[in-house]
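# Architecture at a glance
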Amino acid sequence: MTTVQAPPLVAAHGDLITPRVRLPRPRPRGVAIALRALGPLVILAVWWIASATGLLTPDLLASPPEVLRAAGKLWDSGQLADALRVSLGRAGTGLLFGVLTGLVLGVLTGSWRLGEDLLDSAVQTLRALPFLSLVPLFMVWFGIGESARIILIAVATTFPMYVSTFGAVRNTDPKLMEAARTFGLSRTAVVARVVLPGALPALLSGLRLSTTLSVIALIAAEEINSTAGLGYLMAQAQNFSRTDILSVIILIYGLLGLLADIVIRALERVLMPWRTAGGVR
């Protein structure tokens, strides 16, 4: 912590005192990255040691070298690249529809009283339903094709974005909105120029939650009779008890969620540079 000297003050007994103000010292970037990597590295070390000492047998969980070899073989054969392309397409498409739907609904209900009265109770009711329980119904409605998978991901990612948008729009300073209207801005212009920029921190938080849920929903969606994608590789590996391939797919799902979070954090630094000033983050 850094210490800043302030002008002296007069104490009750007449002596001068100098207040000491402590300000946070920015953490070096390299130290922050090392601390973030420490947890995964410890888990990897424990996994490696447990496999090497026989505490973890291959039928329970493959060792890290076996997992690396399996990943290499899948990549060289082209199966992993094809599966990633298909799965990322599903997750990205569903996330796009879900985020846009949540954003539009959140703006309508947050800025328009009639919109809240008409839509909010229905959306909140649907939000309370576990999206996994909708899988059988979606299979009946949309079959076992790509539509059911994409819609399931879209439904799962809509509600975090909706809740974040609704709360942020509702908490917009009414004085700012009144000032914008005084200058002749239409309702649409007020939302675009005042409401959404002010709600940006909450919108990005909702996007982070939606992105994480898109990976979780992808796992469930690819259980719907997939013939391609990471879920298909996982189902095939399960049939043959290939714990090395199962571990590869599980690690990829985790890495997808981590990479998505890193991208959104970078987006936050670009769109809201004031949040990183002074070592806040």
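Since the model is a prediction, treat every value here as computed from it, not as a measurement.

### Focus on the overall build of the protein chain
What the protein chain contains, in helices and strands, is eleven helices and four strands. The 281 residues of the protein chain split such that 35% are buried. Long-range contacts, defined here as pairs at least 24 residues apart, represent 64% of the contacts in the protein chain between residues at least 6 apart. Summing over all exposed atoms, the protein chain offers an accessible surface of approximately 16900 Å²; the carbon and sulfur share of this is 69%.

### A closer look at the packing of helix H8 (residues 187-198) against helix H9 (residues 200-221)
Orientation of H8 relative to H9, taken along the N-to-C sense of each, is 60°, at an axis distance of 5 Å. Of H9, the residues touching H8 (which contributes Leu196, Pro197 and Gly198) are Leu200, Pro201 and Leu203. The residue inventory of the contact of H8 with H9, partitioned by class, reads five nonpolar, one polar and no charged.

### Concerning the pattern of salt bridges
Applying the stated criterion across every chain yields a total of six salt bridges. In this structure, Arg208 engages Asp261 in a salt bridge whose closest nitrogen and oxygen atoms are separated by 2.8 Å. Taken together, the residues span a long stretch of sequence, with Arg208 in helix H9 and Asp261 in helix H11 (residues 243-271) at a distance of 53 residues. Given a relative accessible area of 22%, Arg208 falls into the partly exposed group. Across the pair Asp244 and Arg242 runs a salt bridge whose closest N-O atoms are separated by 2.9 Å. On the basis of relative accessibility, which here comes to 13%, the residue Asp244 falls in the buried class. Salt bridges sharing partners connect three or more residues here, namely Arg90, Glu146, Arg149 and Glu222.

### Some points on the packing of aromatic side chains
Inspection of every chain in the model, using the stated rule, returns four aromatic pairs. Relative to Phe142, the ring of Trp141 has its centre 6.1 Å away and its plane inclined at 90°; by these criteria the two rings are edge-to-face. Overall, Phe142 belongs to the partly exposed group, its relative accessible area being 35%. Note on Tyr162 and Phe166: the rings are 6.0 Å apart at their centroids and 20° apart in plane angle, and the pair reads as stacked.

### Considering the environment of Glu66
Among the structural elements, Glu66 can be located in helix H2 (residues 64-77). A sequence separation of 178 residues divides Glu66 from Asp244, and the C-alpha atoms of the two residues are 6.2 Å apart. Setting aside residues up to four positions removed in sequence, Glu66 forms contacts with Pro58 and Asp244. Only 3.0 Å separates the side chain of Glu66 from the backbone nitrogen of Ser63, close enough to count as a polar contact.

About the criteria used
- Residues numbered from 1 in each chain as written.
- Predicted model: local features only at pLDDT ≥ 70, side-chain atom pairs only at ≥ 80, totals over all residues.
- Heavy atoms only, no water.
- Helix = DSSP H or I, 4+ residues; strand = E, 2+ residues; numbered from the N terminus.
- Buried < 20%, exposed > 50% of the residue type's maximum accessible area, 1.4 Å probe, protein only.
- Contact = heavy atoms within 4.5 Å.
- Areas by Shrake-Rupley, 256 points an atom, 1.4 Å probe, with all protein chains shown as cover.
- Axes fitted to C-alpha atoms, helices over the stretch in contact; angles between N-to-C directions.
- Nonpolar A, V, L, I, M, F, W, Y, C, P; charged D, E, K, R; others polar.
- Salt bridge = Lys/Arg side-chain N within 4 Å of Asp/Glu carboxyl O.
- Phe/Tyr/Trp six-rings, centres within 6.5 Å; stacked < 30°, edge-to-face > 60°.
- Polar contact = N/O pair within 3.5 Å; in protein donor to acceptor, adjacent residues only side chain to side chain.

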